[in-house]
Amino acid sequence: RAPRSAGRAAAMAAPLKRCLLRRRDGREQHGVAASCLRELRDKASVILAIDKAREPITLVLAEDGTIVDDEDYFLCLPANTKFVALAKNEKWSSKSLDSGTAWLSESGDEVDSAAEKWKQLARQLKDDLSNIILMSEEDLQVLIDVPHSDLAEELAQSQTKIQVLQDTLQQVLDRREEERQSRQLLELYLEALKNEDSILSKVAESETVPRKEMDVVDTGTSSTGPSAKMALSNQILAALKEKPAPELCLDSQDLELILKEDTQDLALALRWDKQKAEALQQACEQELSKRLQQVQTLHSLRSMSKGKKTLPWGDYPGLSSKRKK
């Protein structure tokens, strides 16, 4: 009994996060405050009147159906994140996307419109500036392109501070581009070494186990794995195929989806060999881990700065000064 009581006390001591809940086919949403993922599940069962026989409950992001089952990932989500509670044997479907995204927009306009998108991204930064790390390159570019006056009005900040913010966003974007180029050069160098070693050895490497694995995958490309097609959108698959370092281009939710995929199914969907698919998942895992570590570092720094009620514009670690090219 003592360890269980201590666990409950620790959960109560944790800061509460504001969340919004709804059922898969319902539009009525409920505001909930929870300190952890387990507490949010328990409250969802009660508030949404889900029968005990239909548990366990699965929580997914209403925006794209990403399954949220990791406590650390839950803590990294911004306040007022929208969740859909799925009962046992229920699955999130893109058919419910319209009903799910309709309640994301306060103005009632389409969520995928350019104006609404940058406002949603701006609200994320207003809630927590560390969300910069979790944004994709496309999201960063959207905020960079917003006029100073519009972004300043949305965030209730001066245009001078907005200029500092957009400079920071540009530096993050430039850093990811540099990492992508460095990775591309490294891959080209390793590929050249592999080819040179193959020529010098004059051994039939094409008949080894990796080649056999590739042959098996190639002959099975006509029947792409169903789980890969269901979980990964065409946009994500296109980015994985075309980008030299796709893990830098995708946001954290997309990286989570890739890590949850079976390696064999991912290889079939991309028409790659299994080793290349494994390398991709490892790169995605490292990038996601790095982003989460950065978020945790920012949270620690913010907790040490008592009395600050405004956003720490320009105090973003390592990016406060404009980098010279």
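The shown structure was predicted, so the numbers you read here are calculated from the model rather than taken from an experiment.

S.K.: Hey, could you go over the overall build of the protein chain for me, with residue numbers and the actual values?
M.R.: When helices and strands are counted, the protein chain shows 15 helices and four strands. Within the span of the protein chain, comprising 325 residues, buried residues form 40% of the whole. Considering only intrachain contacts with a sequence separation of at least 6, the fraction spanning at least 24 residues in the protein chain is 64%. Looking at the protein chain as shown, the accessible area adds up to about 19100 Å², and 51% of this sits on carbon and sulfur atoms.

S.K.: A description of the packing of aromatic side chains should follow, citing residues and the corresponding values.
M.R.: All told, the structure shown has one aromatic pair when counted by the stated rule. Stacked on the ring of tryptophan 272, the Lys or Arg lysine 276 has its end atom at 4.5 Å from the ring centre.

S.K.: Mind laying out the nonpolar core, listing which residues take part and the relevant values?
M.R.: In terms of nonpolar packing, the biggest core is built from 24 residues, with Leu240, Ile258 and Leu266 touching the most fellow members. Sorting the residues of this core by element identifies helix H11 (234-242), helix H13 (252-260), helix H14 (263-270) and helix H15 (274-304) as the ones contributing at least two each. Considering every element that reaches this core, the biggest residue donor is H15, with seven residues. Non-local contacts of isoleucine 258, meaning those with residues more than four positions away in its chain, are made with Leu232, Ile236, Leu240, Leu250, Leu266, Gln281 and Cys284.

S.K.: Go over the pattern of salt bridges, please, and point to the residues and values.
M.R.: Counted by the stated rule, this structure contains 14 salt bridges. A salt bridge links lysine 43 to glutamate 39; the nearest nitrogen and oxygen atoms lie 3.4 Å apart. One end of the pair is lysine 43 and the other is glutamate 39, both in helix H2 (residues 37-47) and four residues apart, which spans about a single turn. Using a relative accessible area of 30% as the deciding quantity, one classes lysine 43 as partly exposed. One salt bridge in this structure joins glutamate 187 and arginine 183, with 3.3 Å as the shortest N-O distance. Here glutamate 187 and its partner arginine 183 are both found in helix H8 (residues 159-201), four residues apart, which amounts to about one turn of the helix. According to the relative accessible area criterion, glutamate 187 is partly exposed, its value standing at 35%. On the accessibility criterion, arginine 183 (27% relative accessible area) is partly exposed. What you see here is one network of salt bridges that share partners, running through Arg175, Glu179, Glu287, Lys290 and Arg291.

S.K.: I'd like to hear about H14, residue by residue, with values.
M.R.: H14 sits mainly inside the fold: seven of its eight residues count as buried. Taken residue by residue, H14 has Thr263, Asp265, Leu266, Ala267, Leu268, Ala269 and Leu270 as its buried positions.

S.K.: Run through H11, naming residues and quoting values.
M.R.: Those residues of H11 not exposed but buried are Ile236, Leu237, Ala239 and Leu240. Each buried residue of H11 lies within a common arc of 160° when the element is viewed along its axis, so the set occupies one face. Turned more than 90 degrees off the buried face of H11, the exposed positions are Asn234, Gln235 and Glu242.

S.K.: Describe the confidence of the model for the protein chain, and please don't skip the residues or the numbers.
M.R.: Overall, the prediction assigns the protein chain a mean pLDDT of 74, with 70% of residues at 70 or greater. Note that residues 97-112 has pLDDT below 50 and, in this model, 26 contacts with residues that lie over four places away or in other chains. Predicted confidence is poor over residues 318-325, with pLDDT under 50, and the contacts of this stretch with residues over four places away or in other chains come to 12 contacts.

S.K.: Can you break down the sheet that holds strand S1 (residues 17-23) residue by residue, with the values?
M.R.: With respect to topology, four strands assemble into an open sheet ordered S2-S1-S4-S3, the strand pairing being mixed. For this open sheet the edge positions go to strand S2 (30-34) and strand S3 (58-61), each flanked by a neighbour on one side alone. Between one strand and the next, the sheet's axes are offset by a mean angle of 40°, whatever the strand orientation. Pairing geometry for S3 and strand S4 (residues 81-86), over four bridges, is antiparallel. Note that in S4 the partner of valine 60 across the bridge is valine 84. Sitting on the sheet, H2 is in contact with S1, S2, S3 and S4, with an inclination near 145° to S2.

S.K.: Tell me what's going on with unusual backbone geometry, and back it up with residues and numbers.
M.R.: Notably, alanine 156 is not glycine yet its phi reads approximately 55°, a positive angle. Locating alanine 156 in the fold gives a position in the loop between helix H7 (148-155) and H8. In this structure, arginine 271 is a non-glycine residue whose phi angle is positive, near 60°. Following the sequence through the fold, arginine 271 ends up in the loop between H14 and H15.

S.K.: A description of the pairing of S2 should follow, citing residues and the corresponding values.
M.R.: In terms of strand pairing, S1 meets S2 through five bridges, oriented antiparallel. If you follow leucine 20 over to S2, its bridge partner there is glycine 31. The turn linking S1 back onto S2 is made up of six residues.

S.K.: Which residues make up the environment of isoleucine 258, and what values go with them?
M.R.: Assignment of secondary structure puts isoleucine 258 in helix H13. Residue class for isoleucine 258 comes out buried when judged on its relative accessible area of 0%.

Quick notes on the rules
Residues numbered from 1 in each chain as written. Predicted model: local features only at pLDDT ≥ 70, side-chain atom pairs only at ≥ 80, totals over all residues. Heavy atoms only, no water. Helix = DSSP H or I, 4+ residues; strand = E, 2+ residues; numbered from the N terminus. Buried < 20%, exposed > 50% of the residue type's maximum accessible area, 1.4 Å probe, protein only. Contact = heavy atoms within 4.5 Å. Areas by Shrake-Rupley, 256 points an atom, 1.4 Å probe, with all protein chains shown as cover. Phe/Tyr/Trp six-rings, centres within 6.5 Å; stacked < 30°, edge-to-face > 60°. Lys NZ or Arg CZ within 6 Å of the ring centre and 35° of its normal. Core = buried A, V, L, I, M, F, W, Y, C linked by side-chain atoms within 4.5 Å. Salt bridge = Lys/Arg side-chain N within 4 Å of Asp/Glu carboxyl O. Arc of directions from axis to C-beta. pLDDT = per-residue confidence, 0-100. Pairing = 2+ DSSP bridges. Axes fitted to C-alpha atoms, helices over the stretch in contact; angles between N-to-C directions.

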